[in-house]
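Below are the chains, spelled out letter by letter.
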Amino acid sequence: MTINIERIRRDIEKINAFNATPGKGVTRLTFTAEYQGALNYVIDQCNHFGATVSICPGGNVRGRFSGSDENAPAVMMGSHLDSVVNGGQFDGVVGVVTALEAARTMVENGIAHRLPVDVVIFAEEEGSRFSRGLLGSSVWTGRLGIDQLSSIVDGNGVSYLAAMAQAGLSVTEDHTLKPPDLAAMLEVHIEQGAVLEKRGHRIGLVEAIAGIQQLNITIKGTADHAGTTPMEDRLDPLQAAARIIIAIDEIARNTGPHTVATVGRITCEPAQVNVIPGRVRFSVDVRDSDKKLLGSAVAEIQRTVQTICHERKLGVELVRLSEAEPVVLSDGILNLLEKKSRENDITPFRMISGAGHDTALIAELTKAGMIFVASRDGLSHCPQEFSRLEDIALGCEILLATVVELAN
Ligand SMILES: [Zn+2]
């Protein structure tokens, strides 16, 4: 039993033909015509191979390949088809096509399985249309109620539910996912980083998905003349921000092996060559797979901000933007994936996912695992995003072997 690499190549090509920005990367926003085209392609494939396709809460799609026990919990696998604006061809798509290919291979080879095997496509993973990531899986897992969903709109004021209806997606299976529904969740995804490539690995196995805490920091001083204000009389927020930003880098390096912290956005007012700034705003994004370390890094950053601003007699405002808890994936699944990788003559690299994924939410309901496929130069969310077809196929082989074992 082996997967069909040519079919995976064709799937990726067909799906990416549905693109709002040809020549400028892939743009396939949730519930647009392009999205619906790509989704229909996968639905047709599922139907063709005998799956029962359902539209689930939040507009997520499930293609169920029934097992001999109709009432058994399902082994779920899949990812997303929505993209960022001007993104790449592989993010999300790789997880959908490998799930599809694994299921098709099982059907073609008449592999008996007791548990249902579900190919799933999560809606609005990126948050590129409705400004909130993991939206589909949040609704499906009941984290976000349908009532809350009705107030979510895109940049043009079109509501999530209206967009879903326009795309012809009406819920046919309104059951919210609960632990008894699932036996396991598996997601193949591109790494979106360069850890695997730099270490010479083709496949990574995810031990944990990092938690995220984001802050917005505003430091207020006094805008003043750059020539007439002596150094000791200045209330310069940018000088404080510079010291804080250096400290943030040091805090991340000294907290834990997987702690990362980024200041990615900074604005300065009035931003004149000959004026001392009056106000500086910057963002901080802190991630770690260890909840305690994440909390301590953020607490130390907050302390540093207060200390430096106090010393310099500057006003400061600290706003928490968003938070996601770290998720530790199943040890049992990890070991099984490791075994199946080795059977495919591969030594996988165990790693942390610095990016969030739908599997993080499903992992609260069932044991979950993720297979990472190496990314070239670590580039993602851009037209240059690339993973080798041979590596994607290898991820698919490992997925298939794992699903076959879990579904029996
Ligand atoms: Zn993704």
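Residues numbered from 1 in each chain as written. Predicted model: local features only at pLDDT ≥ 70, side-chain atom pairs only at ≥ 80, totals over all residues. Heavy atoms only, no water.

1. Some words on the environment of L337
Here L337 lies in helix α10 (residues 331-343). For the pair L337 and R64, spaced 273 residues apart in sequence, the C-alpha separation works out to 22 Å. (Helix = DSSP H or I, 4+ residues; strand = E, 2+ residues; numbered from the N terminus.)

2. Structural notes on the layout of surface pockets
Volume-wise, the largest pocket comes out at about 790 Å³. When contributions to the lining of the largest pocket are tallied by element, the ones reaching two or more residues are β7 (211-220), β12 (279-288), β13 (315-324) and α11 (358-362). In terms of residue count, the dominant contributor to the lining of the largest pocket is β13 (three residues). Taken together, the residues that form the lining of the largest pocket break down as nine nonpolar, eleven polar and ten charged. What the second largest pocket holds in volume is close to 450 Å³. Lining the second largest pocket are 22 residues, and of these V195, M351, I352, S353 and G354 sit closest to its centre. (1 Å grid on protein atoms, 1.4 Å probe; cavity = no way out; pocket = protein on both sides within 12 Å on 5 of 7 lines; lining within 4 Å. Points joined across faces, edges and corners; volume = space filled by probe spheres on them. Nonpolar A, V, L, I, M, F, W, Y, C, P; charged D, E, K, R; others polar.)

3. Section: helix α1 (residues 5-16)
Taking 1.5 Å per residue as the helical rise, α1 with its twelve residues ought to reach 16 Å, and the 17 Å between its terminal C-alpha atoms agrees with that figure. Those residues of α1 that sit buried are R7, I8, D11, I12, I15 and N16. The buried residues of α1 occupy an angular sector of 160° when projected down its axis, which confines them to one face. For α1, the N-terminal cap is N4; the gap from its side-chain oxygen to the backbone nitrogen of E6 is 3.1 Å. (Expected span 1.5 Å × (residues − 1). Buried < 20%, exposed > 50% of the residue type's maximum accessible area, 1.4 Å probe, protein only. Arc of directions from axis to C-beta. Polar contact = N/O pair within 3.5 Å; in protein donor to acceptor, adjacent residues only side chain to side chain.)

4. With respect to the environment of F65
With respect to the element layout, F65 can be found in strand β2 (residues 60-65). Judged by its relative accessible area of 5%, F65 falls in the buried class. A C-alpha to C-alpha distance of 29 Å links F65 and L149, two positions 84 residues apart in sequence. Once residues within four sequence positions are removed from consideration, F65 is found in contact with C46, F49, A51, A103, V107, H113, L115, P116, V117, D118 and V119. (Contact = heavy atoms within 4.5 Å.)

5. Looking at unusual backbone geometry
Omega for the bond connecting E269 with P270 falls within 30 degrees of zero, at 0°, which places this linkage in the cis form. By the element assignment, P270 lies in the loop between β10 (266-269) and β11 (275-276). Positive phi, normally seen in glycine, also occurs at L134, with a value near 55°. Here L134 is to be found in the loop between β4 (117-122) and α4 (135-140). The phi torsion at D377 lies on the positive side, around 55°, for a residue other than glycine. The residue D377 is located in the loop between β16 (368-373) and α12 (389-406) in this model.

6. What to know about the packing of aromatic side chains
Here the structure, examined in full by the defined rule, presents five aromatic pairs. A network of ring pairs unites the aromatic residues F31, Y35, F130 and Y160 as a single cluster. (Phe/Tyr/Trp six-rings, centres within 6.5 Å; stacked < 30°, edge-to-face > 60°.)

7. Section: helix α3 (residues 93-108)
The end-to-end C-alpha distance of α3, which contains 16 residues, comes to 22 Å, matching closely the 22 Å that a straight helix rising 1.5 Å per residue would cover. α3 sits mainly inside the fold: 14 of its 16 residues count as buried. Positive backbone phi, at 60°, marks G110, one or two positions downstream of α3.

8. Side note on the pairing of β4
Of all six residues that make up β4, six are buried, and the element is covered over most of its length. Going residue by residue along β4, you find V117, V119 and I121 tucked away on one face and D118, V120 and F122 tucked away on the opposite face as well. In terms of strand pairing, β2 meets β4 through five bridges, oriented antiparallel. The residue of β4 that forms the bridge with R64 is D118. Summarising the sheet, strand β3 (residues 74-80) and β4 pair through six bridges and their orientation is parallel. Paired with M77 across the strands is V119, a residue of β4. (Pairing = 2+ DSSP bridges.)

9. Considerations on the pattern of salt bridges
Applying the stated criterion to the full structure yields 26 salt bridges. Here R253 and D249 are joined by a salt bridge, their closest N and O atoms 2.6 Å apart. One end of the pair, R253, and the other, D249, are both in helix α8 (residues 237-255), four residues apart, so they sit about a helical turn from each other. By relative accessible area, which is 65% here, R253 ends up exposed. The residue E269 makes a salt bridge to R279 at a minimum N-O spacing of 3.9 Å. On the criterion of sequence distance, the pair formed by E269 in strand β10 and R279 in strand β12 is long-range, its members being ten residues apart. A single network of salt bridges, built from pairs that share partners, joins R7, D11, E101, R104 and E108. (Salt bridge = Lys/Arg side-chain N within 4 Å of Asp/Glu carboxyl O.)

Everything listed is a geometric property; what it means functionally is a separate question.
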